[in-house]
Amino acid sequence: MTAMTLATRSAAPSKPNAIPADHLHAVLGAFNATNLASSYIERGNFAAARRKLVLALQAINQLQAEV
């Protein structure tokens, strides 16, 4: 015999806080740059990783300047 759970109606989950559209480009840029930097570090290409981390920091600074 299997146990069955009946579906119940409940309040819809609240919408999570979304990133404002004007900040989205900077957030995605920082995320992309850090992922690429991590990939470059794994391969031992520290010069390229440094360049990508500089780009990530620029994107983060752009976000902080807009707030």
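Residues numbered from 1 in each chain as written. Predicted model: local features only at pLDDT ≥ 70, side-chain atom pairs only at ≥ 80, totals over all residues. Heavy atoms only, no water.

Overview of a nonpolar patch on the surface
Among the surface-exposed residues, Ile19, Leu24 and Leu28 lie close enough to one another that they form a single nonpolar patch of about 260 Å² accessible area. The residue Ile19 is located in the segment before helix 1 (21-42) in this model. (Patch = residues over 30% accessible without salt bridge, like charges linked within 9 Å, V, L, I, M, F, W, Y side chains within 5 Å. Areas by Shrake-Rupley, 256 points an atom, 1.4 Å probe, with all protein chains shown as cover. Salt bridge = Lys/Arg side-chain N within 4 Å of Asp/Glu carboxyl O. Helix = DSSP H or I, 4+ residues; strand = E, 2+ residues; numbered from the N terminus.)

Here's the deal with helix 2 (residues 46-66)
With 21 residues, helix 2 ought to run about 30 Å at 1.5 Å a step, and its terminal C-alpha atoms sit 30 Å apart, in line with that. Buried within helix 2 we find Ala48, Ala49, Ala56, Ala59 and Leu63. Along the axis of helix 2, the buried positions cluster into a sector of 100 degrees, meaning they face one direction only. The outward face of helix 2, more than 90 degrees from its buried face, is lined by the exposed residues Phe46, Arg50, Arg51, Leu57, Gln64 and Ala65. Next to the buried residues of helix 2 lie helix 1. (Expected span 1.5 Å × (residues − 1). Buried < 20%, exposed > 50% of the residue type's maximum accessible area, 1.4 Å probe, protein only. Arc of directions from axis to C-beta. Contact = heavy atoms within 4.5 Å.)

As for the environment of Arg51
With respect to the element layout, Arg51 can be found in helix 2. When the C-alpha positions of Arg51 and Leu36 are compared, they lie 10.0 Å apart, and in sequence the two are 15 residues distant.

Brief notes about the environment of Ala33
Structurally, the position occupied by Ala33 is in helix 1. Considering only alpha carbons, one finds Ala33 and Ala49, 16 residues apart in sequence, at a separation of 8.7 Å. Apart from the residues lying within four places of it in its own chain, the contact partners of Ala33 are Lys52, Leu55 and Ala56.

Description of helix 1
Here helix 1 spans 32 Å end to end across 22 residues, near enough to the 32 Å set by a 1.5 Å rise per residue. Of the residues making up helix 1, those classed as buried are His23, Ala26, Ala30, Ala33 and Ala37. Relative to the axis of helix 1, the buried residues are bounded by an arc of 95 degrees and lie together on one face. For helix 1, the exposed residues lying more than 90 degrees away from the buried face are Ala21, His25, Phe31 and Glu42. The secondary structure elements touched by the buried residues of helix 1 are helix 2. In the stretch just after helix 1, Gly44 is the one whose phi turns positive, near 85 degrees.

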